[in-house]
Amino acid sequence: AKTEERNAFRFYTPMMHADTRRRLQLATELRQALARNEFHLVFQPSVELRTGRIVAVEALVRWQHPERGEVLPAEFIPVAEGLGLIRRIDEWVMQATCAQIQAWDMAGVPPIRVAVNISARWFGHPAFVDGVSRTLQSRHLSASRLMLEITESAMLRLGDDIERTMQTLHTLGIEVAIDDFGTGYSSMAYLKLPAVAYLKIDRSFVTGLPGDSNDAAITEAMLAMAKSLGLTTIAEGIETEAQHDFLLRSGCMEGQGYLYSYPLRPEEVQRLLCPNQPP
Ligand code: C2E
Ligand code: CA
Ligand code: CA
Ligand code: CA
């Protein structure tokens, strides 16, 4: 580890861009973060648009850095990918999520769907499906408790193996959402893969609703297509009543966003789902 640390700073010069310097330092610190237990999870609720009822939560990873405070995934996930550390972070997230589901179960929290983001690296790894099912087993959880969020670009990277991987997930009873739909190399073929049961409409389309006529047209088309394929639709990044109303009218089933809830600590999720339980 000592040599690695030295190497990470090999290119340091005072003239170096502050950005690059920060990334190099993050890299060194990320290597230690797993060992030092500096990650934790927050969970953002997903609501049924018609009723406002919470039907799911999405696990989102946070890095509590000893000096910098909370570092968001947008900053450290690309660095982790570059270092080949993303798979270990994803595996940690999967294990921590399953441990949390078990803890909620034991606390009497009514079961809801729990979504986990899967990076392209881990999804494409030969041990992926096995890893997920072993983690579920270790917590005595049935496969239906989890939903995996996988982006189109992660599916693209699998090439011809995608069909077989998805069939295996389907056989195990694990459902998949296509995440950030419409932003990647969209292939309509992914929508009919086995195990795919949900389609998540990316925030970049929701932001422009209802005013932007392009975003509105694309969103309506995605919703219509998902509906005819029997997929459950989830819109992300809903911040206004007007966005909510448009999506509800257009037939979107579920939504996620600051309008309903920020990502929450596990105990806050429990309080929301069990309002009558003493604290
Ligand atoms: P994502 O999967 O699209 O997750 C949604 C992101 O949007 C989350 O940011 C969430 O906090 C944020 N968000 C939710 N509602 C709103 C809203 O109304 N307005 C706005 N402006 N933002 C909203 P977060 O937690 O910072 O995560 C960013 C991305 O990092 C995620 O995008 C996902 O791609 C990745 N990520 C997060 N956690 C994990 C993880 O455990 N594993 C992997 N592989 N990736 C993760
Ligand atoms: Ca996601
Ligand atoms: Ca998403
Ligand atoms: Ca997104």
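Look a little higher up for the structure.
What you see is a predicted model; the values in this text were computed from it and never measured.

Procedures and definitions
Residues numbered from 1 in each chain as written. Chains lettered and ligands numbered in written order. Predicted model: local features only at pLDDT ≥ 70, side-chain atom pairs only at ≥ 80, totals over all residues. Heavy atoms only, no water. Core = buried A, V, L, I, M, F, W, Y, C linked by side-chain atoms within 4.5 Å. Buried < 20%, exposed > 50% of the residue type's maximum accessible area, 1.4 Å probe, protein only. Helix = DSSP H or I, 4+ residues; strand = E, 2+ residues; numbered from the N terminus. Contact = heavy atoms within 4.5 Å. Near = heavy atom within 4 Å. Polar contact = N/O pair within 3.5 Å; in protein donor to acceptor, adjacent residues only side chain to side chain. Areas by Shrake-Rupley, 256 points an atom, 1.4 Å probe, with all protein chains shown as cover. Salt bridge = Lys/Arg side-chain N within 4 Å of Asp/Glu carboxyl O.

**Student:** What is the right way to read the nonpolar core from this model?
**Tutor:** Note on soluble globular proteins: their nonpolar side chains tend to be buried together. Membership of the largest hydrophobic core comes to 79 residues, with the highest contact counts inside it found for Phe123, Leu148, Met155, Met166 and Leu169. With 8 residues, helix H4 (residues 86-106) is the single largest residue contributor to this core. Excluding anything up to four places from it in sequence, Leu148 contacts Met94, Val116, Ile118, Phe128, Leu169, Ile174, Glu175, Val176 and Ala177. Within the second largest apolar cluster, 6 residues are counted, among which are Ala115, Ala177, Tyr198 and Ile234.

**Student:** It is not clear to me how the site of ligand 1 should be interpreted in this structure. Could you clarify?
**Tutor:** What surrounds ligand 1 is a group of 21 residues, the closest being Gln44, Arg62, Asp90, Glu239 and Tyr258. In this structure, Asn117 approaches ligand 1 through a side-chain N or O atom, which is 3.2 Å from an oxygen atom. Within the side chain of Glu236, a nitrogen or oxygen atom sits 3.4 Å from an oxygen atom of ligand 1. Protein burial of ligand 1: of its 800 Å² of free accessible surface, 83% is covered by the chains. Contributions of two or more residues to the shell around ligand 1 are made by strand S2 (54-65), helix H3 (73-83), H4 and strand S6 (175-181). With 4 residues, S2 is the largest single contributor of residues to the shell around ligand 1.

**Student:** Is there a simple way to think about the pattern of salt bridges in this case?
**Tutor:** Pairing is possible between side chains that carry opposite charge, provided their charged atoms lie close to one another. The tally for this structure, following the rule as stated, stands at 10 salt bridges. Where Arg68 meets Glu29, a salt bridge forms, and the shortest distance between an N and an O atom there is 3.0 Å. Here Arg68, found in the loop between S2 and strand S3 (69-71), pairs with Glu29, found in helix H2 (residues 18-33); they are 39 residues apart in sequence, far enough to count as distant. Glu91 is the partner of Arg87 in a salt bridge, and the nearest nitrogen-oxygen pair spans 3.6 Å. Highlighted residues: Arg87 and Glu91, both in helix H4, separated by 4 residues, approximately one helical turn. The exposure class assigned to Arg87 is partly exposed, which follows from its relative accessible area of 30%. Members of the salt-bridge network, linked through shared partners, are Glu58, Glu149 and Lys200.

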